[in-house]
Amino acid sequence: ETSLVNEEVEVEHLKQCLPKTTWMGSKQNLLIKIQDFWYLTNFSNILTFQTHFLAQDTDLIVASFPKTGTTWLKSLLFSITNRFVNPPNKTPLLTNNPHELVCDLETAIYGGNTGNSKLPHPNQLNELPSPRLFSSHLPYSSLPESVKVSSCKILYICRNPLDTLVSHWLFFPKLIKKITGDENFQPSNIEDFFEDFCQGEVIYGPFFEHVVGYWKQSLEQPNKVLFFKYEDLKENPSAHVKKLAEFVGMPFSTQEENEGVIEEIIDLCSINTLKDLEVNKSGSLSHFFENKTFFRDGEVGGWTRYLTDSMAEKMNELIEQKLGGSGLSF
Ligand code: A3P
């Protein structure tokens with residue numbers, strides 16, 4: 001009780017002191033900078049997650065900057081790890097949104113009342129069967145200590161910044177409407193948002209520092225962090241699905257390969273299959289998100305319909321500046 005009161009006092013104090021900024025041209029400051037990254041100003045869930053979550057060695061955690069393919073990676077991870085429990089025609093993926101099967105720690109679990117009874121309460125986490133599957137959008141540096149020191153594994157997905165930026169631009173205004181209660185909210189123009197994104201002033205940003213943090217860990221601790229690129233997954237899904245299965249200690253047998261299990265999983269988790277499921281057409285993940293908003297067109301290079309060549313040029317310079325020499329490219 002006392003510690004919760006202390007946490008509330010601390011959150012209020014931090015809210016006064018930390019840098020804040022607007023988001024997509026919002027009238028109020030909606031983002032606050034904590035430990036070098038931007039979050040919603042109502043950020044106590046982040047601190048609660050950091051201080052209360054206890055990782056288990058068998059946990060598997062999907063990590064990502066938002067809008068980089070999290071939903072896809074969750075559905076693949078769930079299908080791979082549950083393939084001996086549920087036959088493909090009975091998989092819970094047919095009746096649940098992937099975010100209900102691989103829950104986001106800081107928002108779905110530690111974010112308070114979500115309005116979705118399928119999402120577990122923090123007190124129920126120890127009862128979940130192992131391996132527990134979770135996700136987080138936090139940068140590596142801000143993950144709870146127990147995630148870093150335990151043997152739990154992290155699967156990180158990233159995506160080229162231009163498609164990521166456009167996906168943010170089309171997705172987050174709906175959330176801003178909900179949190180501000182301003183149904184008429186219209187985002188600023190995309191040129192301004194482009195500048196903010198490049199400056200790192202975007203939810204869970206800066207983008208490049210987020211990506212590089214996990215990239216470095218994947219090089220230093222290859223058994224702990226597996227790094228995916230959305231574009232690579234699109235280009236050669238079966239190679240990456242195999243890699244994922246090996247990484248989590250559940251490789252496909254030759255018999256499974258011959259029976260086409262990998263292709264079956266890829267088809268099940270494809271955007272077209274998931275988008276057409278009733279649960280993803282009509283359900284809601286929480287007070288804030290309808291399931292259908294997680295599936296748009298899932299294209300590589302779709303940014304060309306929204307951004308100019310000169311923006312792309314500027315982004316390429318930034319990519320060079322931020323990633324040059326790291327071995328990572330887009
Ligand atoms: P677009 O907005 O470019 O279409 P996240 O899951 O991290 O929120 O990322 C959302 C992006 O992934 C969206 O991109 C969405 O359409 C795409 N996506 C969702 N499910 C997918 C799937 N099963 N396969 C490929 N892309 C998917």
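Below or above, wherever it landed, is the structure these notes cover. (Residues numbered from 1 in each chain as written. Predicted model: local features only at pLDDT ≥ 70, side-chain atom pairs only at ≥ 80, totals over all residues. Heavy atoms only, no water.)

1. So, the environment of Pro66
So, point 1. Summarising the element assignment, Pro66 is placed in the loop between β4 (60–64) and α3 (70–81).
So, point 2. Taking relative accessible area as the criterion, Pro66 reaches 2% and is therefore assigned buried.
So, point 3. Once the C-alpha coordinates of Pro66 and His168 are considered, the two residues, 102 residues apart in sequence, prove to be 7.7 Å apart. (Helix = DSSP H or I, 4+ residues; strand = E, 2+ residues; numbered from the N terminus. Buried < 20%, exposed > 50% of the residue type's maximum accessible area, 1.4 Å probe, protein only.)

2. Overview of the nonpolar core
So, point 1. Within the largest apolar cluster, 107 residues are counted, with the highest numbers of intra-cluster contacts made by Trp23, Phe53, Leu155, Tyr214, Leu244, Val248 and Met315.
So, point 2. By residue number, the principal contributor to this core is helix α7 (residues 161–180), which donates eight residues.
So, point 3. If we ignore the near neighbours within four places in the chain, the residues touching Met315 are Pro161, Leu162, Leu165, Phe194, Phe197, Cys198 and Phe208. (Core = buried A, V, L, I, M, F, W, Y, C linked by side-chain atoms within 4.5 Å. Contact = heavy atoms within 4.5 Å.)

3. Quick notes on the pattern of salt bridges
Where charged atoms from two side chains of opposite charge approach closely, those side chains can pair.
So, point 1. If you walk through the whole model with that rule in mind, you get twelve salt bridges.
So, point 2. Lys292 is paired through a salt bridge with Glu290; the nearest N and O atoms lie 3.8 Å apart.
So, point 3. Residue Lys292 is classed as partly exposed on the basis of its relative accessible area, which comes to 44%.
So, point 4. Classification of Glu290 as partly exposed rests on a relative accessible area of 38%.
So, point 5. Between Arg305 and Asp297 there is a salt bridge; the shortest N-O distance is 3.1 Å. (Salt bridge = Lys/Arg side-chain N within 4 Å of Asp/Glu carboxyl O.)

4. Details of the pairing of strand β2 (residues 31–34)
So, point 1. Strand direction decides the pairing type here: strand β1 (residues 20–21) and β2, joined by two bridges, are antiparallel. Of the residues in β2, the one forming a bridge with Thr21 is Leu31.
So, point 2. Pairing of β2 with strand β3 (residues 37–40), which is carried by four bridges, proceeds in the antiparallel orientation. If you follow Ile32 over to β3, its bridge partner there is Tyr39.
So, point 3. Between β2 and β3, which pair antiparallel and follow one another directly, the connecting turn spans two residues, one of which, Gln35, has a positive phi of 50°. (Pairing = 2+ DSSP bridges.)

Note that all results are geometric; they support no functional claim without further evidence.
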